[in-house]
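So the chains spell out like this:
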Amino acid sequence: MTIAVSPHGLPALVLNADYRPLSYYPLSLWSWQDAIKAVFLDRVHILAEYDHQVSSPSFSMRLPSVVCLKSYVQPSRHPAFTRFNVFLRDRFECQYCGSPDDLTFDHVIPRCCGGQTTWENVVAACSPCNLRKGGKLPRQAGMFPHQKPFHPTVQDLHNNGRLFPPNHLHESWMDYLYWDVELQP
């Protein structure tokens, strides 16, 4: 799974004041219009530019390809419990058969048996597996998740998000995206 990014739209990669992307999945991108607005409002530093320009009768500037916020935005310490984040935690795979298709989510302990809708009881599941398991406990259905459901950290989701890069990564972004990867000698 990838996020569709149009290289023709000339989006700007947005970095926090510590030079890390605000998010990896979806990758923190702004439209060129929003990037220019932030430049004029003096909210960002321009770190890299495209070759394209925008002009008015009295002004011309190259479009920013990488911007860095001047003020640090404190990242959330606890990710929101959303369907998307459950899928991201589970790497967009059914936790019963590994299929990436037709994903929904499943209560490992069904709600009819007292299971709750929490990080520790919900997993990504394809529709066929979800229907086959139905309202049964894992032992009754003979279906056990590949990974025990857990409450992920923001770092867990960032790490998983790096596995699903957008379809387009501009070369000017590369120095800022995977800077914590070990360097080759």
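Once a new chain begins, its residue numbering starts again from 1 and follows that chain's sequence as written. Only residues with pLDDT of at least 70 get local features here, since the model is predicted, and only at 80 or more are side-chain atom pairs given and counted; chain-wide, interface and lining totals rely on the full set of residues. Working from all heavy atoms in the structure, the side-chain values ignore hydrogens and water.

An unreviewed UniProt entry annotates the protein as MFS transporter of Pararhizobium polonicum.

A. Spatial organisation of the domain arrangement of the protein. When its domains are assigned, the protein resolves into domain 1 (9–72) and domain 2 (83–140). Each of domain 1 and domain 2 has a C-alpha centre, and these two points are 39 Å apart. Each domain's extent is set by a domain assignment, obtained either automatically or from a database.

B. Examining the sheet that holds strand 4 (residues 60–69) more closely. Paired strands, in this sense, are two strands between which DSSP finds at least two bridges. Only DSSP runs of H or I reaching four residues or more are called helices, and only runs of E reaching two or more are called strands; each is numbered from the N terminus. Read from one edge to the other, the open sheet built from four strands follows the order 2-1-4-3, with strand pairing classed as mixed. Of all the strands in the sheet, just strand 2 (29–30) and strand 3 (44–55) have a single pairing partner and so form its edges. In terms of strand pairing, strand 1 (residues 12–15) meets strand 4 through three bridges, oriented parallel. Directly across from Val 14, in strand 4, lies its bridge partner Val 67.

C. Inspection of helix 5 (residues 154–161) at higher detail. Those residues of helix 5 not exposed but buried are Val 154, Leu 157, His 158, Asn 160 and Gly 161. Taken around the axis of helix 5, the buried residues stretch over an arc of 165°, which confines them to a single face. If you follow the buried residues of helix 5, they end up packed against helix 2 (83–89). With a 1.4 Å probe rolled over the protein chains alone, any residue whose accessible area is under 20% of its type maximum counts as buried; one over 50% counts as exposed, and the rest are partly exposed. Throughout, the arc means the angular range of directions from the helix axis out to the C-beta atoms. It only takes one pair of heavy atoms within 4.5 Å for two residues to be counted as in contact.

D. Spatial organisation of the UniProt feature "domain: HNH nuclease" (unreviewed entry) in the protein. UniProt positions are given in the numbering used here, feature names are shortened, and annotations may be inferred rather than shown by experiment. This chain's UniProt record puts "domain: HNH nuclease" (unreviewed entry) on residues 81–131. The annotated region residues 81–131 carries 24% helix and 20% strand content, and the separation between its end C-alpha atoms amounts to 23 Å.

E. How the structure looks around the packing of aromatic side chains. Any two rings among Phe, Tyr and Trp, with Trp reduced to its six-membered ring, count as a pair given centres within 6.5 Å; such a pair is stacked if its planes are under 30 degrees apart, edge-to-face if over 60, and tilted if neither. Across all of its chains, the model carries four aromatic pairs by this definition. Arranged with centres 5.4 Å apart and planes meeting at 65°, the rings of Phe 40 and Phe 59 form a pair that is edge-to-face. Placement of the pair is Phe 40 in helix 1 (residues 32–40) and Phe 59 in the loop between strand 3 and strand 4, with a sequence separation of 19 residues. Residue classification places Phe 59 among the partly exposed residues on the basis of a relative accessible area of 40%. Considering the side-chain rings of Phe 84 and Phe 92, the 5.8 Å spacing of their centres and the 65° angle between planes classify their relative orientation as edge-to-face. A relative accessible area of 6% means that Phe 92 is categorised as buried.

F. Spotlight on the confidence of the model for the protein. Values of pLDDT, the confidence the predictor places in each residue, fall between 0 and 100. Scored by pLDDT, the protein has a mean of 89; 92% of the residues are at 70 or more. Averaged pLDDT values over the elements of the protein bottom out at 82 in helix 6 (residues 174–177) and peak at 97 in strand 6 (residues 122–126).

G. The arrangement of the pattern of salt bridges in detail. The term salt bridge refers to a pairing of a side-chain nitrogen on Lys or Arg with a carboxyl oxygen on Asp or Glu at a separation within 4 Å. Under the definition given, this model contains six salt bridges. Between Asp 42 and Lys 70 there is a salt bridge whose closest N-O contact spans 2.3 Å. Remark: Lys 70 occurs in the loop between strand 4 and helix 2 and Asp 42 occurs in the loop between helix 1 and strand 3; sequence separation between them is 28 residues. Judged by relative accessible area, which is 35%, Lys 70 ranks as partly exposed.

H. Representation of the pairing of strand 3 within the structure. In terms of strand pairing, strand 3 meets strand 4 through eight bridges, oriented antiparallel. When the bridges of strand 4 are listed, Ser 55 appears paired with Ser 60. Where strand 3 folds back on strand 4, the antiparallel hairpin that results is connected by four residues.

I. Focus on the nonpolar core. Throughout this description, the term nonpolar core refers to a set of buried Ala, Val, Leu, Ile, Met, Phe, Trp, Tyr and Cys residues connected via side-chain atoms within 4.5 Å. If you look at the biggest cluster of nonpolar residues, it comprises 14 residues, and the most contacted ones within it are Leu 13, Leu 15, Val 66 and Trp 173. At the level of secondary structure, the elements contributing two or more residues to this core comprise strand 1, strand 3, strand 4 and helix 6. With four residues, the single largest contributor to this core is strand 4. With eight residues, the next largest nonpolar core counts Cys 94, Val 108, Cys 129 and Met 143 among its residues.

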